[in-house]
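# Descriptive structure summary
Below are the chains, spelled out letter by letter.
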Amino acid sequence: MTLSGNVERGYAAQAPALIAQYDNVPSDTIYAPVRDLFPVAPVRVLDVGSGNGRDTEWCAALGYDVTAVDPVAAFVAETMRRAPAATILRDRLPRLRSVRGQYDLILVNAVWQHIDTADRPEALARLAGLLAERGRMVLSLRHGPGHPDRPVAVINVDATVSDAACLGLRLLRRKETGSLQEANTAAGVTWTWLVLEKGAQA
Ligand SMILES: C[S@@+](CC[C@H](N)C(=O)[O-])C[C@H]1O[C@@H](n2cnc3c(N)ncnc32)[C@H](O)[C@@H]1O
């Protein structure tokens, strides 16, 4: 089985606990390193790997037109419950087959570590294709150990930035942060936030 298959089973098994846990830190605190680079609402936002729908609900409340996508049925149901005006799809990277249109902001928060290394070029190209001209993509990249039931693969940030540049995505920000979760801080988890913009000179 692929990394992705194991990841989805791990999330499905723990979904009730994770749905509660993901509200420990509010969206505006989580996105503080990059929030100033969000395009002004109302524009189209795609929340990839939306988890419990925390950020989908937050973006909808800010006036964005939000589409959310996640492969885990329990997360999709919870996102539908808390963000009824959003479009919610059950789907997964790298293909995102059911996602249509062009987005001005794509959020990929705490997801990239779960994408098989071999699938990342296709996933990045698909996301680049879903960005509108001058649209921005926010990626938070996790470093360090994962939960044993939700496997992770190492992320090479320089390679990610370089692959993005080849797709016409210019780096607007790269910021290293610690974890906002006590247990992950203790485990040595850190993050790199990237904001990439489509269409500018790479
Ligand atoms: C750590 S959670 C983050 C959830 C949410 N973005 C947040 O910040 O709270 C990772 C999410 O990625 C989703 N996920 C796992 N594999 C995925 C894939 N191949 N494509 C899209 N989402 C995926 C999981 O179902 C889960 O909701």
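Now for a description of the structure that goes with this document. All residue numbers here refer to positions counted from 1 along the written sequence of the relevant chain. Note on the predicted model: pLDDT of at least 70 is required for a residue's local features to be given, and 80 or more for side-chain atom pairs to be given and counted; whole-chain, interface and lining totals, by contrast, use all residues. As a convention, hydrogens and water are excluded, and side-chain values are obtained from all of the structure's heavy atoms.

## Some points on the pattern of salt bridges
Criterion for a salt bridge: a side-chain nitrogen of Lys or Arg within 4 Å of a carboxyl oxygen of Asp or Glu. A full pass over the atoms with the stated rule returns twelve salt bridges. Put simply, Glu 78 and Arg 81 hold a salt bridge, and the shortest N to O gap is 2.9 Å. Separated by three residues within a single helix, Glu 78 and Arg 81 lie in helix α4 (residues 73-82), roughly one turn from each other. When its relative accessible area of 13% is taken as the criterion, Glu 78 is described as buried. We classify Arg 81 as exposed; its relative accessible area is 57%. Residues Arg 95 and Glu 122 are paired through a salt bridge, measuring 3.0 Å at the closest nitrogen-oxygen approach. Residue Arg 95 is found in the loop between β3 (87-90) and β4 (103-109), and its partner Glu 122 is found in helix α5 (residues 120-130); the two are separated by 27 residues along the sequence. Sharing partners across several salt bridges, the network here consists of Arg 134, Arg 136, Arg 170 and Glu 197. Runs of H or I in DSSP of at least four residues are treated as helices and runs of E of at least two as strands, each being numbered from the N terminus. Per-residue accessibility, obtained with a 1.4 Å probe over protein chains only, is compared with the maximum for each type, and a residue is labelled buried under 20%, exposed over 50%, and partly exposed between these values.

## Some thoughts on the site of the ligand
Near is defined per residue: the residue qualifies when any heavy atom it owns lies within 4 Å of the molecule or strand. Around the ligand sit 18 residues in total, of which Gly 49, Arg 54, Asp 70, Leu 93 and Asn 109 are the nearest. Gly 51 places a main-chain nitrogen or oxygen 3.3 Å from an oxygen atom of the ligand. Measuring from a nitrogen atom of the ligand, one finds a backbone N or O atom of Leu 93 at 2.9 Å. For the shell around the ligand, the elements supplying multiple residues, two or more each, are α1 (3-21) and α3 (54-61). In the analysis that follows, any N or O atom pair within 3.5 Å is treated as a polar contact, provided that within protein one partner can donate a hydrogen and the other can accept it, and provided that, for residues neighboring in sequence, both atoms belong to side chains.

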